[in-house]
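Survey of secondary and tertiary structure
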Amino acid sequence: MADKQISLPAKLINGGIAGLIGVTCVFPIDLAKTRLQNQQNGQRMYTSMSDCLIKTIRSEGYFGMYRGAAVNLTLVTPEKAIKLAANDFFRHHLSKDGKKLTLLREMLAGCGAGTCQVIVTTPMEMLKIQLQDAGRIAAQKKLMAAQLSAVAGAAEPVVEARTTATQITRELLRSKGIAGLYKGLGATLLRDVPFSIVYFPLFANLNKLGQKDPDVKAPFYVSFLSGCLAGSTAAVAVNPCDVIKTRLQSLQRGVNEDTYSGILDCTKKIWQKEGPTAFFKGAYCRALVIAPLFGIAQVVYFIGIAEFLLDLLPKHRA
């Protein structure tokens, strides 16, 4: 395959560039997804993605839609680089002739990629979720305070104490050690491994449909559309796991919202109190996030921007 000729440094750079571009484009939708998934029945602040984004802009300003983006932009480079490079690594070593892989072997390669990426994904998601959901909790407290003041008269205004990813990291390391940053690791594996098992084989086979010759790359628009379709399909398929992961990794809760002791406890409470449809909260937001994110990732990855950059370095060519 053509991509076997790409060096590991180039693959890592391509993955990182793809992640940076993709996250910048779709982060506001990801913020809406997190807030929609975290709100529980009886405490609903938002009715839809558009409602969430409009209210966020009104209460927190335009940059409120990018709360937590710094964490994502910092860690998405190693995350996407590991994911894409690991998939190529496993595909190469599972391929006997370097060209053909059975569907089972493609799924195993995706499984390996998903398992590797959680090293970075878990702490990244952990920190991002705290920052993304802080505005929802603050808005809920303000609403409750306004309702109380209407009944009882004067009430103290609620002032949101803004925290940073660095502060959260220090506190977690101080109180719980490195394990604090890996809260929800099991749920992250439960989401990312099946996602990769579905995504990578589906993308590879869709992309092949656009190849006129097995040894020639498909056109960039085929890679983009294949990435979008495979990404959105995989995203919706594992959305229940993403809801569970988001709930487990949220350190702060809104008024009268449930807490969870683990994956099974979270699953049980969501099913009993919110019904099965709750597992698909934010599914369309997640599809809208993942589709362009992976479409862009595959285009950048297969175009090979890094090869051009590395070719400018004589040491690399030597």
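Along each chain, residues carry numbers from 1 onward, in the same order as the chain's sequence is written. Under the rules for a predicted model, residues below a pLDDT of 70 receive no local features and side-chain atom pairs below 80 are neither given nor counted, while totals for whole chains, interfaces and linings still include all residues. Just so you know, side-chain values use all the structure's heavy atoms and leave hydrogens and water out.

Focus: the overall build of the protein
Regarding its fold elements, the protein presents twelve helices and zero strands. N-terminal to C-terminal, the α/β element order of the protein is α-α-α-α-α-α-α-α-α-α-α-α. Relative accessibility under 20% of the residue-type maximum defines a buried residue, over 50% an exposed one, and the middle range a partly exposed one, all with a 1.4 Å probe and only protein chains included. Considering the protein as a whole, with its 318 residues, one finds that 52% of them fall into the buried category. Contacts are assigned to residue pairs with any non-hydrogen atoms lying within 4.5 Å of each other. A sequence separation of at least 24 residues applies to 80% of the contacts in the protein between residues at least 6 apart. Element-wise, carbon and sulfur atoms account for 67% of the exposed surface of the protein, whose accessible area totals about 15,300 Å². In this description a helix means any DSSP run of H or I spanning at least four residues, a strand means any run of E spanning at least two, and both kinds are numbered starting from the N terminus. Values of accessible area rely on a 1.4 Å probe in the Shrake-Rupley scheme; residue burial ignores everything except the protein chains shown.

Topic: the state of the cysteines
By definition, a disulfide is the covalent link that joins the sulfur atoms of two cysteine residues. To count as a disulfide, a pair of cysteine sulfur atoms needs to be within 2.5 Å. Tallied over the entire structure, the rule returns zero disulfides. Cys 285 provides the cysteine sulfur closest to Cys 52, a residue in no disulfide bond, and the two sulfurs are 7.7 Å apart. The structure places no disulfide on Cys 111, whose sulfur is separated from the nearest cysteine sulfur, that of Cys 116, by 9.4 Å.

Considering the pattern of salt bridges
Any Lys or Arg side-chain nitrogen found within 4 Å of a carboxyl oxygen on Asp or Glu counts as a salt bridge. Taken as a whole, this structure holds 18 salt bridges when the rule is applied. Between Asp 133 and Arg 136 there is a salt bridge, and its shortest N-O distance comes to 2.7 Å. In this pair, Asp 133 and Arg 136 both sit in helix H4 (residues 103-152), three residues apart, roughly one turn of the helix. The partner of Asp 265 in a salt bridge is Lys 269, and the shortest N-O contact between them spans 3.4 Å. Of the two residues, Asp 265 and Lys 269 are both situated in helix H9 (residues 263-274); the distance of four residues between them amounts to about one turn of the helix.

Quick word on the packing of aromatic side chains
Only the six-membered ring of Trp is used, alongside the rings of Phe and Tyr, when aromatic pairs are assigned; centres must lie within 6.5 Å, and planes under 30 degrees apart are stacked while those over 60 apart are edge-to-face, with the rest tilted. All chains considered together, the criterion is met by ten aromatic pairs. With a centroid separation of 6.3 Å and an interplanar angle of 40°, the aromatic rings of Trp 271 and Phe 279 are classed as tilted. An aromatic cluster of three or more residues is present, and its members are Phe 195, Tyr 199, Phe 200, Phe 203 and Phe 294.

Observations concerning the nonpolar core
Formed by 31 residues in total, the largest nonpolar core has its most connected members in Ala 32, Met 49, Phe 195, Tyr 199, Cys 285, Ile 290 and Phe 294. At the level of secondary structure, the elements contributing two or more residues to this core comprise helix H1 (8-38), helix H2 (49-60), helix H3 (69-94), helix H6 (185-208), helix H7 (220-237) and helix H10 (283-303). Residues contacting Ala 32, with those up to four places away along its chain left out, are Met 49, Cys 52, Leu 53 and Cys 285. Here, the term nonpolar core denotes a set of buried Ala, Val, Leu, Ile, Met, Phe, Trp, Tyr and Cys residues that are joined through side-chain atoms within 4.5 Å.

Concerning the confidence of the model for the protein
Looking at the protein, pLDDT values average 83 and 85% of them are 70 or higher. Each residue carries a pLDDT value, the predictor's own confidence for that position, ranging from 0 to 100. Taken element by element, the protein is modelled with least confidence in helix H12 (residues 314-317), mean pLDDT 50, and with most confidence in helix H8 (residues 239-249), mean pLDDT 95.

Looking at a nonpolar patch on the surface
Together, Phe 220, Tyr 221, Phe 224 and Leu 225 give the surface a local cluster of nonpolar side chains, amounting to about 440 Å² of exposed area. Following the sequence through the fold, Phe 220 ends up in helix H7. Patch building starts from residues that exceed 30% relative accessible area and form no salt bridge, then joins like charges within 9 Å and nonpolar side chains (Val, Leu, Ile, Met, Phe, Trp, Tyr) within 5 Å.

Quick look at the side chain of Ser 226
Tracing the sequence through the fold places Ser 226 in helix H7. Relative accessible area serves as the criterion here: at 5%, Ser 226 is assigned to the buried category. Pairs of N or O atoms within 3.5 Å make up the polar contacts considered here, provided that, within protein, one atom can donate a hydrogen while the other can accept it, and that residues adjacent in sequence are counted only when both atoms are side-chain atoms. Among the polar contacts made by the side chain of Ser 226, one reaches the main-chain carbonyl oxygen of Val 222 at a distance of 2.7 Å. Filtering out sequence-adjacent residues up to four positions away, Ser 226 remains in contact with Phe 203, Leu 206 and Asn 207.

Quick notes on helix H5 (residues 165-176)
For an α-helix, the turn length of 3.6 residues means that residues three or four places apart are oriented alike. Spanning twelve residues, H5 covers 16 Å between terminal C-alpha atoms, matching the ideal 16 Å at 1.5 Å per step. Along H5, the residues classified as buried are Ala 165, Ile 168, Thr 169 and Leu 172. Take H5 and look down its axis: the buried residues cluster within an arc of 100°, on one side only. Across from the buried face of H5, at angles greater than 90 degrees, the exposed residues are Arg 170 and Arg 174. After H5 finishes, the residue Gly 177 shows a positive phi value of roughly 75°. Helix span, expected: 1.5 Å multiplied by one less than the number of residues in the helix. The arc under discussion is defined with respect to the helix axis, by the directions toward the C-beta atoms.

Observations regarding the packing of H6 against H7
Any two packed helices are characterised by the angle at which their axes cross and by the distance between the axes. Running from N to C, H6 and H7 cross one another at 150°; their axes reach a closest spacing of 8 Å. Comparing the axis directions of H6 and H7 gives the class roughly antiparallel. Read as a crossing pair, H6 and H7 show a hand that is right-handed. Only Val 222, Ser 223, Ser 226, Gly 227, Leu 229, Ala 230, Gly 231, Thr 233, Ala 234 and Ala 235 of H7 make contact with H6, whose side of the interface consists of Phe 195, Val 198, Tyr 199, Leu 202, Phe 203, Leu 206 and Asn 207. Axis lines are fitted through C-alpha atoms, for helices just across the contact stretch, and the angle between N-to-C directions can take any value from 0 to 180 degrees. Angular relationships are summarised with four words: roughly parallel below 35 degrees, roughly antiparallel beyond 145, roughly perpendicular across 65 to 115, and oblique for the angles in between. The handedness criterion is simple: a crossing whose near helix is rotated anticlockwise from the far helix by less than a right angle is left-handed, and one whose near helix is rotated clockwise is right-handed.

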